[in-house]
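# Examining the three-dimensional arrangement
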Amino acid sequence: MQKKEIMLVGAGLAGCLLAIYLARRGFSVKLFEKRPDMRSHDIPAGRSINLSLSARGIHALSEVGLDSKIKPDLIAMSGRMLHRISGQLQYQPYGKNQGDVHYSVSRSVLNRLLLDTAEASGKVSLFFNEQCTDLNLANNCTKFRNTIDGNTRSVGFDALIGTDGAGSAVCRALVHANAIEYRHEPLAHGYKELTIPADANGKHRIEKNALHIWPRGGYMLIALPNTDGSFTVTLFLPHKGPVSFESLLDGQSLLGFFRDQYPDAVPLIPRLTTDFMANQTGGLGTIRCMPWHASGKVMLLGDAAHAVVPFHGQGMNCAFEDCSEFNRCLDRFNDWDELFQALDEKRRRNANAIADMALENYVEMRESVRNPKFHLHKKIEWLIEERHPDRFIARYSMVMFHRIPYAEVQQRGEIQAAILDRLSVDAEQIDDVDIALADKLVEERLDPIEMI
Ligand code: FAD
């Protein structure tokens, strides 16, 4: 590649990882970030305190040698723990294979590790408190405003990657220049984070190695474990309506709602009212851009190009996969324009597919898991998977525990869903399933999976 210097805007998860990949290839990287350096300032981690890290993200981290470094900070989650209103618990392992786990990780621990690694490369210059405010494609120039002194400055670039997340300033500038199309699909539901603290011995108060879900049809509560013994709890609820953030205006209505819907969670969240009132209600939505690049010199990656709703735990994992693919493209192309086009073609349809599947998974998490048919489908999936491991893998597993391209997962998932519907139409339990028909349908409709 001719232009050996590259500008990145946004030192979040994707920006830092991409900087590391580029530094390892000998590029000089200038990485601009609007927030202070989180390693020396106590600032909020960002959009969620902890995250689910799964196969795609782990693979990217392993490519830059960080999988073993982050390992001590990971907590394995091997299944869902469903909490009924009655207080009854139901544990559902994700799969039959030992490797069918994903991991809870602190966003700030991971971001700090990525920042340290980028800086230690000696090829990445970090500029904090620098907010990108504009971009001029005609003269290859970006504007930054220093968030401490308010001064603005112009910085030129040869090639620029916008990794500045949902609400990206780089994306906004490209839209303004009519260089790309942008669609924001806001979700009518938002989220609020709460905490289950560790017990007096610093231990987890509920099962540590599970993703906890309190599914309630139109809304849900979930909890992911942290290494300090606490859990980060997230309430997903409509913004407006009879049961909504709008309707929970005071401590009394909040407590009434929680006692009614989440009685077993109330004693676990001692700061429920205080935190609920103090913590912001976050917005959620899907962003789709087309294309992701402009004029052969600017590209969007990560949430800046394709924010997705968090219900499959894939936003960061998908962003990391973008970076890994970017790295692979560097082997194939000697020209930014060609590289950006190829990357866009490869990644955009996959990002669109996970955006759709993440929306569908919200319904699965908050509603379908309560339905006996859902559990029968899971059992049939396991049965078929055992008989046809080369052709059939549950869609959830393909997303979380494999690196099969998302678009292929979506396509195979539709065929698999039709097979499950057909097999369960007259079945009440797993013994009622017509195995010969199952074998026939799988062999007829599903080609062997090409494993990556
Ligand atoms: P970000 O992490 O948002 O980083 C963007 C960076 O750019 C930030 O540092 C920001 O300060 C900086 N920036 C912004 N604007 C400017 C500017 N104008 N100038 C300079 N810098 C700027 N994903 C998962 O994989 N697993 C999960 O379990 C998961 N859970 C989630 C839960 C919730 C509630 C939410 C909201 C999201 C979740 N996600 C999850 C998605 C995940 O957070 C994002 O996909 C991921 O953070 C994307 O990384 P990014 O680097 O593209 O953007």
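Remember, predicted model here, so these are calculated numbers, not experimental data. (Residues numbered from 1 in each chain as written. Predicted model: local features only at pLDDT ≥ 70, side-chain atom pairs only at ≥ 80, totals over all residues. Heavy atoms only, no water.)

### Here we look at the overall build of the protein chain
Threshold: Secondary structure follows DSSP: runs of H or I at least 4 residues long count as helices, runs of E at least 2 residues long count as strands, and numbering of each begins at the N terminus. Atoms counted for the radius of gyration: C-alpha only. Globule rule: 2.2 Å times the number of residues to the power 0.38. Here's how the labels work: a residue is buried when its accessible area is under 20% of the maximum for its type, exposed when over 50%, partly exposed in between, all with a 1.4 Å probe on protein chains only. Working rule for contacts: check all heavy atoms of both residues, and any pair within 4.5 Å makes them a contact. As used throughout, the charge tally considers Lys and Arg to be positive and Asp and Glu to be negative, leaving His and the chain termini uncounted. Think of each charge as sitting on NZ of Lys, CZ of Arg, CG of Asp or CD of Glu.
The secondary structure content of the protein chain amounts to 14 helices and 20 strands. For 452 residues, the compact-globule formula gives about 22 Å, and the C-alpha radius of gyration of the protein chain, at 23 Å, lands near that figure. Once the C-alpha set of the protein chain is aligned to its principal axes, its extents read approximately 65 × 55 × 40 Å. Expressed as a percentage of its 452 residues, the buried residues of the protein chain come to 55%. Expressed as a percentage of contacts within the protein chain between residues at least 6 apart in sequence, the contacts between residues at least 24 apart total 70%. Counting 52 positive and 57 negative side-chain charges, the protein chain places the averaged centre of each group 3 Å from the other.

### Considerations on the sheet that holds strand β11 (residues 152-156)
Spelled out, the test is: Between any two strands, at least two bridges found by DSSP are needed for them to pair. Axis angles are defined between N-to-C directions and span 0 to 180 degrees, where every axis is a line fitted to C-alpha atoms and, for a helix, only to the segment in contact.
Strand order in this open sheet of three strands is β9-β10-β11, and the pairing throughout is antiparallel. Whereas interior strands pair on both sides, the edge strands pair on one side only; in this sheet they are β9 (130-136) and β11. Within this sheet the neighbouring strands show an average axis-to-axis angle of 30 degrees, counted without direction. Relative to β11, strand β10 (residues 141-146) is paired through five bridges, and the arrangement is antiparallel. Its bridge partner being in β11, T142 is matched across the sheet by V155.

### Describing the site of the ligand
Quick reminder of the rule: Nearness is judged by heavy atoms alone; a residue qualifies as near a molecule or strand once a single heavy atom is within 4 Å of it. Two N or O atoms count as a polar contact when they lie within 3.5 Å, although within protein this holds only if one can serve as hydrogen donor and the other as acceptor, and sequence-adjacent residues are included solely when both atoms are side-chain atoms. Residue-level accessible areas treat just the shown protein chains as cover; the underlying method is Shrake-Rupley with a 1.4 Å probe.
Around the ligand sit 30 residues, and of these A14, E33, S52, R107 and D303 come closest. Between the ligand and C132, the relevant distance is 2.9 Å, taken from a nitrogen atom to a main-chain nitrogen or oxygen of the residue. Taken by itself the ligand offers 990 Å² of open surface, and the protein chains cover 93% of this. Among the elements of the structure, α1 (13-24), β3 (50-53), β9 and α9 (315-332) are those that each provide at least two residues to the shell around the ligand.

### Details of the packing of helix α11 (residues 372-387) against helix α13 (residues 406-424)
Threshold: Orientation categories follow fixed angle ranges, with anything under 35 degrees roughly parallel, anything over 145 roughly antiparallel, 65 to 115 roughly perpendicular, and all other angles oblique.
The geometry of α11 relative to α13 is characterised by a closest axis approach of 10 Å and an angle of 110 degrees between their N-to-C directions. The angle between α11 and α13 falls in the class roughly perpendicular. Contacts from K373, L376, H377, I380, E381 and I384 in α11 reach I419, L420, D421, L423 and S424 in α13.

### With respect to the environment of I393
The topology assignment puts I393 in the loop between α11 and α12 (395-401). Expressed as a C-alpha distance, the spacing of I393 and G95, which sit 298 residues apart in the sequence, is 9.7 Å. Those residues in contact with I393 that lie beyond four places of it in its chain are E385, M398, H402, I404, Q416, I449 and M451.

### Description of the sheet that holds β3
One open sheet holds the three strands; their spatial order is β3-β7-β4, and the pairing between them is antiparallel. In the strand order of this sheet, the two ends are held by β3 and β4 (75-77), each with one partner. The sheet shows a mean angle of 35 degrees between the axes of neighbouring strands, direction not considered. With three bridges connecting them, β4 and strand β7 (residues 102-106) associate as antiparallel partners. Residue pairing for β7: A76 is matched across the bridge by Y103. Sheet contacts for helix α4 (residues 107-120): β3 and β7; angle to β7, the most-contacted strand, approximately 80 degrees.

### A few points about the domain arrangement of the protein chain
Rule in force here: An automatic or database domain assignment supplies the residue ranges for each domain. As used here, buried area is the combined drop in accessible area, with a 1.4 Å probe, of two parts when they are placed together. The term salt bridge refers to a side-chain nitrogen of Lys or Arg lying within 4 Å of a carboxyl oxygen of Asp or Glu. Ten residue types, Ala, Val, Leu, Ile, Met, Phe, Trp, Tyr, Cys and Pro, are classed as nonpolar, four, Asp, Glu, Lys and Arg, as charged, and the remainder, Gly among them, as polar.
Taken domain by domain, the protein chain holds domain 1 (6-75 + 104-184 + 284-360), domain 2 (188-282) and domain 3 (371-445). Contact with domain 1, which involves 13 residues of that partner, is made by 15 residues of domain 2. With both sides pooled, the region where domain 1 packs onto domain 2 buries about 1100 Å², and carbon together with sulfur makes up 64% of that total. On the domain 1 side of the interface with domain 2, the three residues burying the most area are N50, I75 and L284, jointly 52% of the side's total. Taken together, the links from domain 1 to domain 2 amount to zero salt bridges. Where domain 1 meets domain 2, there are five residue pairs in polar contact (both at pLDDT 80 or more). The leading source of residues in the side of domain 1 that touches domain 2 is β3, at three residues. For the side of domain 1 that touches domain 2, the residue count by class is seven nonpolar, four polar and two charged.

### As for unusual backbone geometry
Put simply, M290 and P291 share a cis peptide bond, and its omega is -15 degrees. Among the secondary structure elements, P291 is positioned in the loop between β18 (285-290) and β19 (293-294). Unusually for a residue other than glycine, N140 sits at a positive phi of about 50 degrees. Checked against the element boundaries, N140 lands in the loop between β9 and β10. The phi torsion at S295 lies on the positive side, around 55 degrees, for a residue other than glycine. Structurally, S295 is set in the loop between β19 and β20 (298-300). Its relative accessible area of 53% is what places S295 among the exposed residues.

### Considerations on the layout of surface pockets
This is how it is decided: As defined here, a cavity is a set of points on a 1 Å grid over the protein atoms alone where a 1.4 Å probe fits but cannot get out. A pocket is an open set with protein on both sides within 12 Å along at least five of seven lines, and residues line them when an atom is within 4 Å of a point. Grid points are joined across faces, edges and corners, and a volume is the space filled by probe spheres set on the points.
Of the voids in this model, the second largest pocket is the one considered here, and its volume is about 590 Å³. Surrounding the second largest pocket, 21 residues form its lining, E364, F374, H377, R395 and A417 being those nearest its centre. Contributing elements (two or more residues each) for the lining of the second largest pocket: α10 (336-366), α11, α12 and α13. At seven residues, the largest contribution of residues to the lining of the second largest pocket is made by α13. Of the residues belonging to the lining of the second largest pocket, the class tally is five nonpolar, eight polar and eight charged.

### Re the nonpolar core
Worth spelling out the cut-off: Side-chain atoms within 4.5 Å link the members of a nonpolar core, which is a set of buried Ala, Val, Leu, Ile, Met, Phe, Trp, Tyr and Cys residues.
L114 and F326 are the most contacted members of the largest nonpolar core, which totals 78 residues. Sort the elements by how many residues they give to this core and α1 lands first, with ten residues. Once you skip the residues sitting within four places of it in the chain, L114 turns out to touch L13, C16, L17, I20, L61, L66 and F320. Ranked by size, the runner-up nonpolar core spans 36 residues in total, among them A358, V399, F401 and I449.

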